[in-house]
Amino acid sequence: MSSPSARAPLAERVEELLAPGGPLPIVAAGDPVLRAGAERYDGQLGPALLARFVEALRVTMHAAPGVGLAAPQVGVGLRIAVIEDPAPVPEEVRVARGRVPQPFRVLVNPSYEPVGSVRAAFYEGCLSVPGWQAVVARPAEVRLTGADGNGRPLDEVFGGWPARIVQHETDHLDGVLYLDRAETRSLAANETVLERWAQPTPEKAARELGFDLP
Ligand code: ZN
């Protein structure tokens with residue numbers, strides 16, 4: 001537990017951030033808060049402020065729009081993230097990528113470990129790196145542990161696209177951006193992904209851009 005005096009600065013920072021209401025500004029790559037590694041959440045905000053902060057993260061994620069958002073992406077260095085994916089994609093994309101709907105979840109102090117050795121590689125983007133996407137090979141299944149927004153323990157295996165989302169968001173809390181793990185030769189502007197690499201899998205992109213898939 002932190003002492004009240006140690007708690008105050010972060011809580012004040014969050015109060016200031018929430019004061020205007022509406023979606024929060026998203027921090028872009030280059031800001032040290034995205035590289036610092038977030039502090040373990042240990043009640044620094046208190047239950048009421050935590051609930052308001054989580055709601056602001058949800059509103060910001062929806063407005064972006066995105067399927068996940070980590071606290072450092074709004075400038076708050078705490079191990080808190082939200083995820084939600086309605087997965088509005090065609091059937092062939094859903095099957096190839098495992099892009100199944102993921103209901104709204106709050107992840108507090110999450111960490112993950114791979115389950116098995118299968119890796120999956122797909123184009124991925126980040127709200128803090130706007131305009132670009134790159135292929136990232138990640139464990140296809142992970143075991144996620146931590147807690148939810150009410151402090152209830154979380155211990156669950158994620159597969160498919162939700163596995164990718166929870167890894168991406170947990171990486172943010174460790175100061176890791178998806179580009180650190182990406183096949184850099186796959187890097188493509190959003191418009192180019194839409195025009196050329198919207199296939200369910202990145203095999204054509206791998207051939208034509210010259211990068212390896214697992
Ligand atoms: Zn991101």
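Provided above is the structure to which this section pertains.
Residues numbered from 1 in each chain as written. Predicted model: local features only at pLDDT ≥ 70, side-chain atom pairs only at ≥ 80, totals over all residues. Heavy atoms only, no water.

### Remarks on the overall build of the protein chain
Going by this rule: Runs of H or I in DSSP of at least four residues are treated as helices and runs of E of at least two as strands, each being numbered from the N terminus. Here the globule rule is a power law, 2.2 Å times the number of residues to the power 0.38, and the radius of gyration is based on C-alpha atoms. The contact criterion used throughout is that any non-hydrogen atoms of two residues lie within 4.5 Å.
A tally of helices and strands in the protein chain yields seven helices and eight strands. Relative to the 2.2 N^0.38 estimate, which gives 17 Å for 214 residues, the radius of gyration of the protein chain is 17 Å and therefore close to what a compact globule would have. Along the first, second and third principal axes, the C-alpha atoms of the protein chain reach 55 × 30 × 30 Å. Summarising the internal contacts of the protein chain: among those between residues at least 6 apart in sequence, 69% fall at separations of at least 24.

### So, a nonpolar patch on the surface
Convention followed: Without a salt bridge and with relative accessible area above 30%, a residue can belong to a patch; like charges are then joined within 9 Å and nonpolar side chains (Val, Leu, Ile, Met, Phe, Trp, Tyr) within 5 Å. In this description, accessible areas are obtained by the Shrake-Rupley approach with a 1.4 Å probe, and a residue is regarded as covered only by the protein chains that are shown. By definition, a salt bridge exists where a carboxyl oxygen of Asp or Glu is found within 4 Å of a side-chain nitrogen of Lys or Arg.
Together, Trp132, Leu179 and Leu187 line one region of the surface with nonpolar side chains, adding up to about 260 Å² of accessible area. With respect to the secondary-structure elements, Leu187 resides in strand E8 (residues 182-189).

### Thoughts on the coordination of the zinc ion
For clarity, the threshold we go by: Listed donor atoms are N, O and S within 2.8 Å of the metal (Na, K and Ca: 3.2 Å). As water is not included, a site may look incomplete. When accessible area is computed with a 1.4 Å probe and restricted to protein chains, residues below 20% of their type maximum are described as buried, those above 50% as exposed, and intermediate ones as partly exposed.
Coordination of the zinc ion by the protein involves Cys126 (SG), His168 (NE2) and His172 (NE2), with metal-donor separations of 2.0 to 2.2 Å. Counting the intervening residues between successive donors of the zinc ion yields the motif C-x41-H-x3-H. Taken together, the residues span a long stretch of sequence, with Cys126 in the loop between strand E4 (119-125) and strand E5 (132-139) and His172 in helix H4 (residues 160-173) at a distance of 46 residues. Per residue, the accessibility class of Cys126 equals that of His172, and both read buried.

### Notes on the sheet that holds strand E6 (residues 142-147)
The condition is simple: A pair of strands is labelled paired if DSSP reports no fewer than 2 bridges between them. Axes here refer to lines fitted to C-alpha atoms; in helices the fit is confined to the stretch in contact. Angles between the N-to-C directions go from 0 to 180 degrees.
The antiparallel open sheet is built from five strands, whose spatial order is E1-E2-E3-E6-E7. Of all strands in the sheet, those bounded by a partner on one side alone are strand E1 (68-70) and strand E7 (153-158). Neighbour-to-neighbour, the strand axes of this sheet turn through a mean angle of 40 degrees, independent of strand direction. With three bridges connecting them, E1 and strand E2 (residues 80-85) associate as antiparallel partners. Residue pairing in the sheet places Gly68 in a bridge with Ile83 of E2. Strands E1, E2 and strand E3 (102-114) of the sheet are contacted by helix H2 (residues 46-63), whose axis makes an angle of about 40 degrees with E2.

### Section: the pattern of salt bridges
Enumeration according to the criterion identifies 14 salt bridges in this entry. Glu15 is the salt-bridge partner of Arg52, the closest N and O atoms lying 3.2 Å from each other. Taken as a pair, Arg52 in helix H2 and Glu15 in helix H1 (residues 4-18) lie far apart in primary sequence, 37 residues in all. The class for Arg52 is partly exposed, based on a relative accessible area of 41%. You can call Glu15 partly exposed: its relative accessible area is 37%. Members of the salt-bridge network, linked through shared partners, are Glu124, Arg138, Arg164, Asp171 and Arg181.

### With respect to H4
With respect to burial, H4 is a largely interior element, 13 of its 14 residues being buried. Backbone geometry just downstream of H4 places Gly175 in the positive-phi region, at approximately 75 degrees.

### Side note on the sheet that holds E5
Picture the strands of a sheet paired through backbone hydrogen bonds; they go either parallel or antiparallel. Read across the sheet, three strands follow the order E4-E5-E8 without closing on themselves; strand pairing throughout is antiparallel. In the strand order of this sheet, the two ends are held by E4 and E8, each with one partner. Between one strand axis and the next, the sheet turns by 25 degrees as a mean value, whatever way the strands run. Of the pairings in the sheet, the one linking E5 to E8 comprises four bridges and is antiparallel in character. Residue pairing in the sheet places Val135 in a bridge with Glu183 of E8. H4 contacts E4 and E5 of the sheet and is inclined by roughly 65 degrees relative to E4.

### Description of the packing of aromatic side chains
Applied cut-off: Ring geometry is summarised as follows: Phe, Tyr and Trp rings, the Trp one being its six-membered ring, pair when their centres sit within 6.5 Å, and such pairs are stacked at plane angles under 30 degrees, edge-to-face over 60 and tilted between the two. Geometrically, a charge over a ring is one whose NZ (Lys) or CZ (Arg) sits within 6 Å of the ring centre while staying within 35 degrees of the ring normal.
Taken as a whole and assessed by the stated rule, the structure comprises one aromatic pair. Its end group placed over the ring of Phe104, Arg58 keeps NZ or CZ at 6.0 Å from the ring centre. Taking NZ or CZ as reference, Arg164 lies 5.3 Å from the ring centre of Trp161, over its face.

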